[in-house]
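Coordinates in review
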Amino acid sequence: EAGVAQSPRYKIIEKRQSVAFWCNPISGHATLYWYQQILGQGPKLLIQFQNNGVVDDSQLPKDRFSAERLKGVDSTLKIQPAKLEDSAVYLCASSLMGQTYNEQFFGPGTRLTVL
Amino acid sequence: SQELEQSPQSLIVQEGKNLTINCTSSKTLYGLYWYKQKYGEGLIFLMMLQKGGEEKSHEKITAKLDEKKQQSSLHITASQPSHAGIYLCGARRGSTLGRLYFGRGTQLTVWP
């Protein structure tokens, strides 16, 4: 079974530039998550999708971050404009809807450096 | 504020030694997850605990959740260099579709 795919793996940009990350979840997984992991910290949820609807985006800085999940499969996370403090690893995860427990499978992440 | 507190922050052990990592919450945990992360990579699921007093083992790793469901421990027996990495505990509160809250992680180094 293929895992969660993410691209690019690494990205370096200057502050005030824009950047986009892509995630392809495990086939059949209805729930998709984007986490931000700053160096030395645990992952923090940015946004959670159930199919193509947003379930939780309370921690998403909506003035600069946006995310979409068209057709309930792939997802894109965008930052515009980027700030220095956005340097982090962006992790995408997915889980199967309806499970009695919420095991989340993580992708390899995208490491963003903002200069 | 940090939802979950992990201790120690880092751990350096000699190969073959046993070790324990702790994860503590001030709130009741409705699901406690242990993940392992290697630098530059995603999180690998290790174990999930739901019931108070529950204990699970996989190879040389054992995880426990206390009766009050506010503390979990991860124990590695006879550590190997392959165990090195960052161990993260995560927990959910509420619905099965809820977010996971994570601790800061414990950096484990195993030297031969």
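Just so you know, these numbers come straight off a predicted model, no measurement behind them. By convention here, each chain's residues receive numbers from 1 onward along its written sequence. The lettering of chains begins at A and the numbering of ligands begins at 1, in the order of writing. Whole-chain, interface and lining totals are the exception, using all residues; otherwise, since this is a predicted model, local features are given only for residues with pLDDT of at least 70 and side-chain atom pairs are given and counted only at 80 or more. Side-chain measures here rest on the full set of heavy atoms in the structure, leaving out hydrogens and waters.

1. Some remarks on the overall build of chain A
Note the following rule: Helix and strand assignments come from DSSP, with helices taken as H or I runs of at least 4 residues and strands as E runs of at least 2, each series counted from the N terminus. When we talk radius of gyration, it's over C-alpha atoms, and the globule rule is simply 2.2 Å times the number of residues to the 0.38. The buried label goes to any residue with under 20% of its type's maximum accessible area, the exposed label to any with over 50%, and the partly exposed label to all in between, with areas taken from a 1.4 Å probe on protein chains only. The criterion used for residue contact is that any of the two residues' heavy atoms lie within 4.5 Å. The sign given to each residue is positive for Lys and Arg and negative for Asp and Glu; His and the chain ends receive no count. The location of each charge is read from NZ of Lys, CZ of Arg, CG of Asp or CD of Glu.
Per the secondary structure count, chain A includes zero helices and 11 strands. Seen in sequence order, chain A has helices and strands lined up from the N terminus as β-β-β-β-β-β-β-β-β-β-β. Compactness check: chain A gives a C-alpha radius of gyration of 13 Å against a globular reference of 13 Å for 115 residues, within 12% of the reference. In terms of its C-alpha atoms, chain A occupies a principal-axis envelope of roughly 40 × 25 × 25 Å. Taken over 115 residues, chain A has a buried fraction of 47%. Contacts spanning at least 24 positions in sequence make up 53% of the contacts within chain A whose residues lie at least 6 apart. Distance between charge centroids for chain A: 6 Å, based on 12 positive and 10 negative side chains.

2. What about the sheet that holds strand β6 (residues 55-58) of chain B?
What holds strands together in a sheet is hydrogen bonding between their backbones, with the strands either parallel or antiparallel. Residue and element names in this part refer to chain B. We count it as follows: DSSP bridges decide pairing: two strands pair if at least two such bridges lie between them. Axes here mean lines fitted to C-alpha atoms, for a helix over just the part in contact, with angles spanning 0 to 180 degrees between N-to-C directions.
In spatial order, the strands read β1-β3-β8-β7-β6; together these five strands make up an open sheet with antiparallel pairing. Strands with a single pairing partner mark the edges of an open sheet, and in this sheet they are β1 (4-7) and β6. Taken over all neighbouring pairs, the strand axes of this sheet differ in orientation by 15 degrees on average, direction set aside. Two elements, strand β3 (residues 19-25) and strand β8 (residues 71-76), share six bridges in a ladder whose sense is antiparallel. Counterpart to N22 in the pairing with β8 is S73.

3. Details of the interface of chain A and chain B
The cut-off we apply is this: As a working definition, buried area equals the accessible area (1.4 Å probe) given up by two parts on being put together, with both sides summed. Here a polar contact is recorded for every N or O atom pair within 3.5 Å, except that within protein the pair must consist of a potential hydrogen donor and a potential acceptor, and residues adjacent in sequence are included only if both atoms are side-chain atoms. Under the scheme applied here, ten amino acids are nonpolar (Ala, Val, Leu, Ile, Met, Phe, Trp, Tyr, Cys and Pro), four are charged (Asp, Glu, Lys and Arg), and all others, including Gly, are polar.
Contacts between chain A and chain B engage 26 residues on the former and 21 residues on the latter. In this assembly, chain A packs against chain B so that about 1,900 Å² is buried in total across both faces, 49% of it on carbon and sulfur atoms. Applying the counting rule to chain A against chain B returns five residue pairs in polar contact (both at pLDDT 80 or more). When contributions to the side of chain A that touches chain B are tallied by element, the ones reaching two or more residues are β4 (31-37) and β5 (44-50) of chain A. With four residues, the single largest contributor to the side of chain A that touches chain B is β4(A). Tallied by class, the residues present in the side of chain A that touches chain B amount to eight nonpolar, 14 polar and four charged.

4. Notes on the packing of aromatic side chains
Our working definition: Two aromatic rings from Phe, Tyr or Trp, using only the six-membered ring of Trp, form a pair when their centres are within 6.5 Å; if the ring planes differ by under 30 degrees the pair is stacked, by over 60 it is edge-to-face, and anything between is tilted.
One pass over the full model with this rule turns up nine aromatic pairs over all chains. Consider the rings of Y35(A) and F106(A), whose centres lie 5.5 Å apart with planes at 40 degrees: the pair is tilted. Placement of the pair is Y35(A) in strand β4 and F106(A) in strand β10 (residues 105-106), with a sequence separation of 71 residues. Across the pair, F106(A) and Y35(A) agree in class, each one buried. Through a chain of ring-to-ring contacts, three or more aromatic side chains come together here, namely Y33(A), Y35(A), F106(A), Y35(B), F45(B) and F102(B).

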